[in-house]
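Coordinate inspection notes
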Amino acid sequence: MTEFENQNDQLRRIADREYQYGFVTDIESDTIPPGLSEDVVRLISAKKQEPEWLLAWRLKALHRFLELLETEQEPTWAQVTYPKIDYQDIIYYSAPRPRENLESLDEVDPELLATYEKLGISLSEQKRLTGVAVDAVFDSVSVATTFKGELEKLGIVFCSFSEAVQKHPELVRQYLGTVVPYSDNFFACLNSAVFSDGSFAYVPKGVRCPMELSTYFRINSAGTGQFERTLLVAEEGAYVSYLEGCTAPMRDENQLHAAVVELVALDDAEIKYSTVQNWYPGDKDGKGGIYNFVTKRGACRGKRSKISWTQVETGSAITWKYPSCILQGDDSVGEFYSVAMTNNRQQADTGTKMLHIGKNTKSTIISKGISAGRGQQSYRGLVRIGPKAENARNYSQCDSLLLGDECGAHTFPYLEVKNASATVEHEATTSKIGEDQLFYCRQRGLSEEDAVSMIVNGFCKEVLRELPMEFAVEAQNLLGVSLEGAVG
Amino acid sequence: MLRLEDVHASAGDAEILRGVDLEIRPGEVHAIMGPNGSGKSTLANVLAGRPSVHVTRGRVMFEGRDLTQLSTEERAREGIFLAFQYPVEIPGVSNMYFLKAAKNAVLAHRGEPELDAMDFLAIAREKMALVEMDEKLMQRSVNEGFSGGEKKRNEILQMAILEPKLAVLDETDSGLDIDALRVVANGVNALRSPARSMLVITHYQRLLEYIVPDFVHVLAGGRIVKSGGKELALELEEKGYGWVEGAAAG
């Protein structure tokens with residue numbers, strides 16, 4: 001065995017550890033048959049007792065989507081490959097049953113609570129361990145939101161999207177689709193037609209949200225797509241930190257997750273949005289796994305507003321995702337910190353867009369890509385400095401780390417500068433976990449797995465330190481687990 | 001403590017060690033000298049268990065056990081330490097975190113309780129004084145941006161903290177100016193003990209003025225061609241490696 005083979009063999013072993021969230025919860029669901037049509041959209045809207053304007057919006061999106069579908073405009077520019085998706089073969093709505101309007105957690109199905117406990121997410125408000133308010137979305141609907149009362153006292157709204165439509169229709173109507181229009185792109189369009197739930201948060205003027213808001217998404221039913229929609233609004237001077245986590249059962253089929261997230265920050269507002277994405281990645285031969293085709297965008301509408309995206313992406317068979325910032329307000333700031341890991345046959349095409357419109361706008365992009373196994377990964381980032389963006393500044397840093405010689409890393413930076421006063425910097429590196437680094441760590445007594453985990457975590461440090469404390473540890477462990485079997 | 005019998009070893013297709021015999025008893029300091037390409041670093045790698053170096057013949061016994069049956073990390077935990085000729089950088093991992101993880105891996109192996117951050121810091125501070133190392137280096141990433149001298153001090157610091165039974169110093173003097181060399185040598189000398197053996201690998205006699213060995217061996221062409229006391233180093237310095245290489249050929 002050559003040294004090369006030996007090392008790859010060791011890499012494989014660490015990569016081969018199993019996904020630990022792959023269980024299925026046995027629960028009765030209210031599911032509508034597969035297929036996409038006006039009837040389906042009307043049915044979803046009716047189930048949610050939505051106002052007429054929202055149904056009309058959904059239908060516009062549906063017709064646009066069907067048009068895109070007929071003219072075969074599913075995007076193909078990303079560096080990912082997958083068999084054609086049959087959009088008539090997806091279940092667009094599945095909800096745990098029975099579900100009345102829940103007044104307290106006691107009314108939530110114990111099976112569901114047990115599921116979230118198993119995922120390490122406590123929905124019980126008595127356990128105020130982390131001081132995190134959680135909205136739990138199971139298949140298509142939100143099943144529980146914690147700490148609501150406490151937040152309401154401050155005027156903060158944090159609830160499921162469906163509930164927001166009922167209780168705060170004016171807010172939803174004012175902001176929905178203003179950052180990501182229904183016609184924005186193929187998957188956003190599909191989402192706008194069939195979205196079933198998601199989270200909504202609104203932080204009023206001058207309020208600093210005292211706890212992390214968090215949504216945990218869980219796909220359970222087979223053959224189901226998950227299409228949630230998240231909308232966060234921070235008024236003047238408000239601050240909110242939000243985290244989302246996601247897991248799914250292990251299934252041989254691929255499941256589609258096409259979410260939309262919209263953020264709006266007014267003057268002096270700040271939104272920190274963190275994601276720990278751990279959808280089922282498929283098995284080591286690439287069978288099964290989630291297609292994570294997601295549109296996330298934040299609008300810094302106000303002066304001196306700030307939106308910061310932090311993502312740790314270890315799951316999904318395919319990731320197609322570019323959390324972006326529209327820097328409209330003067331002196332606004334956009335940040336993107338990303339760790340993406342692809343192992344086995346996972347593919348990821350991810351990055352960001354920073355659109356500088358206002359004066360003195362500033363953006364920072366730190367992207368760390370880790371590829372192991374036969375993982376393929378691309379960083380795709382656009383920095384656009386508009387003609388009126390005087391003194392705009394961008395700094396981009398894209399680092400790739402390769403484990404083994406069967407994986408790939410690619411970088412596609414796009415720069416469009418239309419104002420000569422702009423300063424734009426881009427740095428990129430590609431490195432390999434070297435035999436010498438591993439030997440050094442092991443010579444000091446560390447196991448090869450601990451050594452790899454340490455080297456990878458060190459590589460991601462600049463991003464991990466942006467995560468809220470409670471989740472940084474989770475993310476570190478996740479990186480370790482996702483790499484199990486990957487190196488030696 | 002360590003016994004090598006007719007050890008042959010190769011890296012890739014090339015056979016580099018061609019029958020090395022060596023015995024080191026507890027508390028002894030042995031020096032290995034030899035010209036470039038004689039197999040000095042390969043010998044160090046054989047002891048530490050570098051995966052790319054393979055023992056093809058002979059026996060490597062450490063405290064009565066066959067070392068080749070142990071993984072790299074098992075050897076380290078059993079008390080074999082290699083001070084690297086070229087210490088490796090690990091970006092983003094603080095020196096403190098790295099060393100604490102290493103120390104605890106060794107302690108866990110011995111069935112001793114692991115150290116918490118405070119206990120570890122106390123030990124680290126004491127050992128840092130030994131190699132006159134700036135405390136700030138503990139917060140920096142492992143070896144990243146360290147000067148040559150700082151890297152070598154860091155190696156000796158690690159050795160002091162890990163308290164090995166057998167320390168192998170691979171060209172620890174390379175790239176050091178005379179002041180740094182003295183600091184490093186003082187650190188090493190402070191770690192000499194009746195229970196700890198050392199194998200000092202060097203190209204030049206200079207290091208051995210500071211770390212005085214009990215025995216000197218000359219490695220040439222993958223074999224130990226001459227052994228003697230510390231005076232052998234001086235003789236070599238005077239006559240050059242051509243002298244022993246000639247002997248090896250003859």
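Residues numbered from 1 in each chain as written. Chains lettered and ligands numbered in written order. Predicted model: local features only at pLDDT ≥ 70, side-chain atom pairs only at ≥ 80, totals over all residues.

Turning our attention to the packing of helix α3 (residues 95–109) of chain B against helix α5 (residues 148–162) of chain B. Residue and element names in this part refer to chain B. Where α3 contacts α5, the axes come no closer than 10 Å and their chain directions differ by 35°. The element α3 and its partner α5 pack so that their crossing is right-handed. Contact residues: α3 offers N95, L99, A102, K103 and V106, while α5 offers N154, Q158, I161 and L162. Broken down by class, the residue content of the contact of α3 with α5 amounts to five nonpolar, three polar and one charged. (Axes fitted to C-alpha atoms, helices over the stretch in contact; angles between N-to-C directions. Helix = DSSP H or I, 4+ residues; strand = E, 2+ residues; numbered from the N terminus. Left-handed = near helix turned anticlockwise from the far one by under 90°. Contact = placed C-beta atoms within 7 Å. Nonpolar A, V, L, I, M, F, W, Y, C, P; charged D, E, K, R; others polar.)

Looking now at the pairing of strand β12 (residues 223–228) of chain B. All names here are of chain B. Pairing geometry for strand β11 (residues 215–220) and β12, over five bridges, is antiparallel. For V216, the partnering residue across the bridge sits in β12 and is G228. Adjacent in sequence and paired antiparallel, β11 and β12 are bridged by two residues, among which G221 carries a positive phi angle near 60°. (Pairing = 2+ DSSP bridges.)

Moving on, we get to the nonpolar core. Generally speaking, nonpolar side chains in soluble globular proteins are found buried as a group. Counting 196 residues, the largest nonpolar core has V240 and L263 of chain A together with V168 of chain B as the members making the most contacts within it. With residues up to four places along the chain from it excluded, the contact list for V168 of chain B reads A44, L47, A48, F81, L82, A83, L199 and I201 of chain B. (Core = buried A, V, L, I, M, F, W, Y, C linked by C-beta atoms within 7 Å. Buried ≥ 20, exposed ≤ 12 C-beta atoms within 10 Å, placed from the backbone.)

To continue, consider unusual backbone geometry. We note that D268 of chain A has phi near 60°; this positive angle belongs to a residue other than glycine. For D268 of chain A, the location among the structural elements is in the loop between β11 (260–265) and β12 (270–277). On the neighbour-count criterion, D268 of chain A (21 C-beta atoms within 10 Å) is buried. The backbone of D6 of chain B shows a phi angle near 50°, a positive value even though the residue is not glycine.

Moving on: the sheet that holds strand β4 (residues 53–62) of chain B. All names here are of chain B. In spatial order, the strands read β2-β1-β4-β5; together these four strands make up an open sheet with antiparallel pairing. Looking along the sheet, the strands with just one partner apiece sit at the ends: β2 (14–24) and β5 (65–66). Alignment of strand β1 (residues 2–11) against β2, held across eight bridges, turns out to be antiparallel. Bridge pairing links L4 to L22 in β2.

Residues and elements named next belong to chain A. Look at helix α3 (residues 52–70): 27 Å from first C-alpha to last across 19 residues, which is about the 27 Å you get at 1.5 Å a residue. The complete set of buried residues in α3 reads R58, A61, L62 and F65. Seen from one end, α3 has its buried residues packed into an arc of 105°, which puts them on one side. For α3, exposure combined with an orientation more than 90 degrees from the buried face picks out E52, W53, A56, E67 and E70. Here the buried face of α3 lies against α2 (38–47) and α8 (186–194). Just downstream of α3, E72 is the residue with a positive phi angle, here 50°. (Expected span 1.5 Å × (residues − 1). Arc of directions from axis to C-beta.)

With that out of the way, let us pick up the packing of helix α4 (residues 117–130) of chain B against α5 of chain B. All names here are of chain B. Following both chains from N to C, one finds α4 and α5 inclined at 135°, their axes separated by 9 Å at the closest point. As summarised for this structure, α4 and α5 are arranged oblique, according to the angle between their axes. Once α4 is placed against α5, the crossing between them reads as right-handed. Mapping the contact onto sequence places I123, A124, K127, M128 and L130 in α4 and L157, A160 and I161 in α5. Within the contact of α4 with α5, the residues separate by chemical class into seven nonpolar, no polar and one charged. (Parallel < 35°, antiparallel > 145°, perpendicular 65-115°, else oblique.)

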